[in-house]
Amino acid sequence: MTSQGTPFRASRSADGRPEAPGDWTADQFRDAGHATIEWIAQYLETVGDSPVVPSCRPGEIEAKLPSFAPEQSEDFERILQDLDKIVEPGMTHWNHPGFLAYFGITSSSPGILAEMVAAAFNPNGMLWKTSPVATELELKMLAWLRELSALPEDWFGFLLDTASMGTFLALAAARESIPGLNVRERGLAGGPGLCVYASDQAHLSVEKAVIALGLGRDGFRAIESDDQFKMRPDRLAEAIKHDRRDGRVPCAVVGTVGTTSTTSVDPIPEIAKICVRESIWLHVDAAYAGSAALLSSKRHHFLGCEQADSYVFNPHKWLFVPIDATAFYTKHPDVLHRAFCLVPDYLRSEDGDLNLMDYGLQMGRRFRALKLWWVLRAFGAEGLRERISYHCELATQFAGWIGKSERFELAAPVPFSTVCLQAVWPGKGEREVDDCNEELAARVTKTGRAFLATTKLRGRTVIRVAIGNIGTDGARMKEVFEILEREHDQLACSEATPNPGT
Ligand SMILES: *Cc1c(COP(=O)(O)O)cnc(C)c1O
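Residues numbered from 1 in each chain as written. Predicted model: local features only at pLDDT ≥ 70, side-chain atom pairs only at ≥ 80, totals over all residues. Heavy atoms only, no water.

Turning our eyes to something else, we now look at the nonpolar core. Among soluble globular proteins, nonpolar side chains are generally buried collectively. If you look at the biggest cluster of nonpolar residues, it comprises 60 residues, and the most contacted ones within it are Val 257 and Tyr 311. A total of 8 residues in this core trace back to one element, the largest contributor, which is helix α13 (residues 369–404). Other than its neighbours up to four places away in sequence, Tyr 311 contacts Leu 151, Trp 155, His 283, Val 284, Ala 286, Gly 290, Phe 302, Cys 305, Ala 327, Phe 328 and Tyr 329. (Core = buried A, V, L, I, M, F, W, Y, C linked by side-chain atoms within 4.5 Å. Buried < 20%, exposed > 50% of the residue type's maximum accessible area, 1.4 Å probe, protein only. Helix = DSSP H or I, 4+ residues; strand = E, 2+ residues; numbered from the N terminus. Contact = heavy atoms within 4.5 Å.)

Our focus in this paragraph is the pairing of strand β6 (residues 310–313). Burial of β6 is two-sided: the residues Ser 310 and Val 312 facing one way and the residues Tyr 311 and Phe 313 facing the other way are all buried. Looking at chain direction, strand β5 (residues 281–285) and β6 are connected through 3 bridges and run parallel. Bridge pairing in β6 places Val 284 opposite Tyr 311. Pairing between β6 and strand β7 (residues 326–330): 4 bridges, direction antiparallel. Bridged to Phe 313 within β7 is Ala 327. (Pairing = 2+ DSSP bridges.)

This brings us to the packing of aromatic side chains. Inspection of the entire model under this criterion finds 21 aromatic pairs. Ring centres 6.1 Å apart and planes at 50° place the aromatic pair Phe 158 and Tyr 359 in the tilted group. Of this pair, Phe 158 sits in strand β1 (residues 156–160) while Tyr 359 sits in the loop between α12 (333–340) and α13; the two residues are 201 residues apart in sequence, bridging distant segments of the chain. Of the two residues, Phe 158 and Tyr 359, neither departs from the other in class, the shared state being buried. Cluster of aromatic residues (ring-pair linked, three or more members): Trp 94, Phe 99, Tyr 102 and Phe 451. (Phe/Tyr/Trp six-rings, centres within 6.5 Å; stacked < 30°, edge-to-face > 60°.)

Attention now goes to the environment of Thr 326. Here Thr 326 lies in strand β7. Given a relative accessible area of 0%, Thr 326 falls into the buried group. C-alpha of Thr 326 to C-alpha of Val 312: the two residues are 14 residues apart in sequence and 7.1 Å apart in space.

Bringing unusual backbone geometry into the picture now. For the bond from Ile 323 to Asp 324, the omega torsion is 15°, close enough to zero to count as cis. With respect to the helices and strands, the residue Asp 324 is situated in the loop between α11 (315–318) and β7. With a phi angle near 50°, Asn 182 is a residue other than glycine that sits in the positive phi range. Structurally, Asn 182 is set in the loop between α6 (163–176) and α7 (183–186). Phi angles above zero are rare outside glycine, and Phe 229 is one such case at about 70°. Its place among the elements puts Phe 229 in the loop between β3 (220–223) and α9 (233–245). Judged by its relative accessible area of 6%, Phe 229 falls in the buried class.

As a further point, take the site of the ligand. Near the ligand, the surroundings consist of 13 residues, among which Ala 163, Ser 164, Asp 285, Asn 314 and Lys 317 are the closest. A distance of 3.4 Å separates an oxygen atom of the ligand from a polar side-chain atom of Thr 260. At 2.6 Å, a side-chain N or O of Asp 285 approaches a nitrogen atom of the ligand. Protein chains shield 87% of the accessible area of the ligand, which is 380 Å² for the free molecule. Contributing elements (two or more residues each) for the shell around the ligand: α6 and α11. The class makeup of the residues in the shell around the ligand is 3 nonpolar, 8 polar and 2 charged. (Near = heavy atom within 4 Å. Polar contact = N/O pair within 3.5 Å; in protein donor to acceptor, adjacent residues only side chain to side chain. Areas by Shrake-Rupley, 256 points an atom, 1.4 Å probe, with all protein chains shown as cover. Nonpolar A, V, L, I, M, F, W, Y, C, P; charged D, E, K, R; others polar.)

With that settled, consider the sheet that holds strand β11 (residues 460–466). Pairing is antiparallel across the open sheet formed by 4 strands, whose spatial order is β8-β9-β11-β10. The open sheet is flanked by β8 (408–410) and β10 (453–457), the only strands paired with a single partner. For this sheet the average axis-to-axis angle between neighbouring strands, irrespective of direction, equals 40°. Across 3 bridges, β8 lies against strand β9 (residues 418–423) in antiparallel orientation. Of the residues in β9, the one forming a bridge with Leu 410 is Leu 421. Seen against the sheet, α13 touches β8, β9 and β11 and runs at an angle of roughly 15° to β9. Against the sheet, helix α14 (residues 430–446) touches β8, β9, β10 and β11, its axis set at about 25° to β11. (Axes fitted to C-alpha atoms, helices over the stretch in contact; angles between N-to-C directions.)

Where nonpolar side chains cluster on the molecular surface, the patch consists of Ile 37, Leu 113 and Met 116 and spans about 230 Å² of accessible area. Looking at the secondary structure, you find Ile 37 in helix α1 (residues 26–46). Given a relative accessible area of 33%, Ile 37 falls into the partly exposed group. (Patch = residues over 30% accessible without salt bridge, like charges linked within 9 Å, V, L, I, M, F, W, Y side chains within 5 Å. Salt bridge = Lys/Arg side-chain N within 4 Å of Asp/Glu carboxyl O.)

For the pair helix α5 (residues 132–148) and α13, interaxial distance at closest approach is 10 Å and the crossing angle is 20°. Overall, the two elements α5 and α13 adopt an arrangement that is roughly parallel. Crossing of α5 over α13 shows left-handed handedness. Residues Leu 137, Glu 138, Met 141, Trp 144, Leu 145 and Leu 148 of α5 touch α13, and the partners they reach there are Ala 369, Leu 370, Leu 372, Trp 373, Leu 376, Arg 377, Ala 381 and Arg 385. Within the contact of α5 with α13, the residues separate by chemical class into 11 nonpolar, no polar and 3 charged. (Parallel < 35°, antiparallel > 145°, perpendicular 65-115°, else oblique. Left-handed = near helix turned anticlockwise from the far one by under 90°.)

Shown next, in the form of structure tokens:
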């Protein structure tokens, strides 16, 4: 890049025109592009040797950045160097094979390249005519995913940024579908109280949607889950009955396939039966586990989903597509359309055009379908199934080691690729054991070899080992288990957690 000089200059020629208008030249782009690809390739090759979580302190990265935006054009070489100096040292490496916290998200190579190409075209797919291929490829990819997951053929699907947005749209449609309410025109004031039901293990996005839709947290019902963390249908039926008796109107039930803490699966067939009987919208949140529907060996977890009115899952979670890409499906696109369609004069199009902006909140829509297309084609369904299935095998094996060890206990069943465990120390009290589990996860993370997070189950601290990174393998999992054992034993003999409360 330096050989060609600074790409942009503020100076003007004699007739007053900018000397170098427009973007980089094609050659400047090539040079910078090749250097960037080289940087990415090397990063992906070596990321597994870096600590998963950086050791920086709050504010440290910000302090490295200049206080003001540069006035003069900077050399791309220097811009690229700051990836090593500033960005990498402050990065939590989600694309690391030792990333076992939360739910892993991986961007695979074809997905990374497709993101670049999507940015090169940079279409806005708000209307069909603002980029026909953006809309048509998106609808086709959603049809492919639906077919691969054995979901009903008549579902209409499109892409969103997050599952949280999917659940919001689902509940907005559910609210719109209630006869005689007409929230779109009249709002909610003066109407009956609406209720939304989900298990006490459901994701926070359900309650957030309830807040945003104006139903109020008073309208949210956290239904008790059983000893396997699945929603109790009997409790759901009771809650609905109770609310109807009080003059409230049940709006929607959200069932989860793969809850966030333990990946438990709600009994969707029983829940669906209640929803049909009571004429209540059923939304299924399969944000993480939805990718496992590609495996016929895991299909039994998705029984009953065919009765859902809407369904959401995240290819950006476990299908190796870079964030963000959420697949949203509904049996009732007409209701969603009724809830959200507004056509101003400046956006009018031909009758019969399918304009995806009419089905939700956002107007502008990025070209997300390309990365799905490339990932699906580059791996093939077979390649994706193999990788997801391997992750499930790794989890089963890891759970086996935990189950056999005297140092640990399994805290929940393992239906997919996530293992919840508790370390045990005979003689320590509950509070102390909880603190030690927290400390244990932190100590494993401090080794840099893996990142483990914790959750609470029935008030007790639990360590989650969530396998989902495309690079995670058996050797890494064995190493993580050995580190857990070693750190467990060191915690047993240290006074690491003074606990004034007990
Ligand atoms: C991750 C997750 C979500 C939220 O996903 P976003 O795409 O980040 O909004 C919702 N529900 C479940 C069950 C999840 O695991």
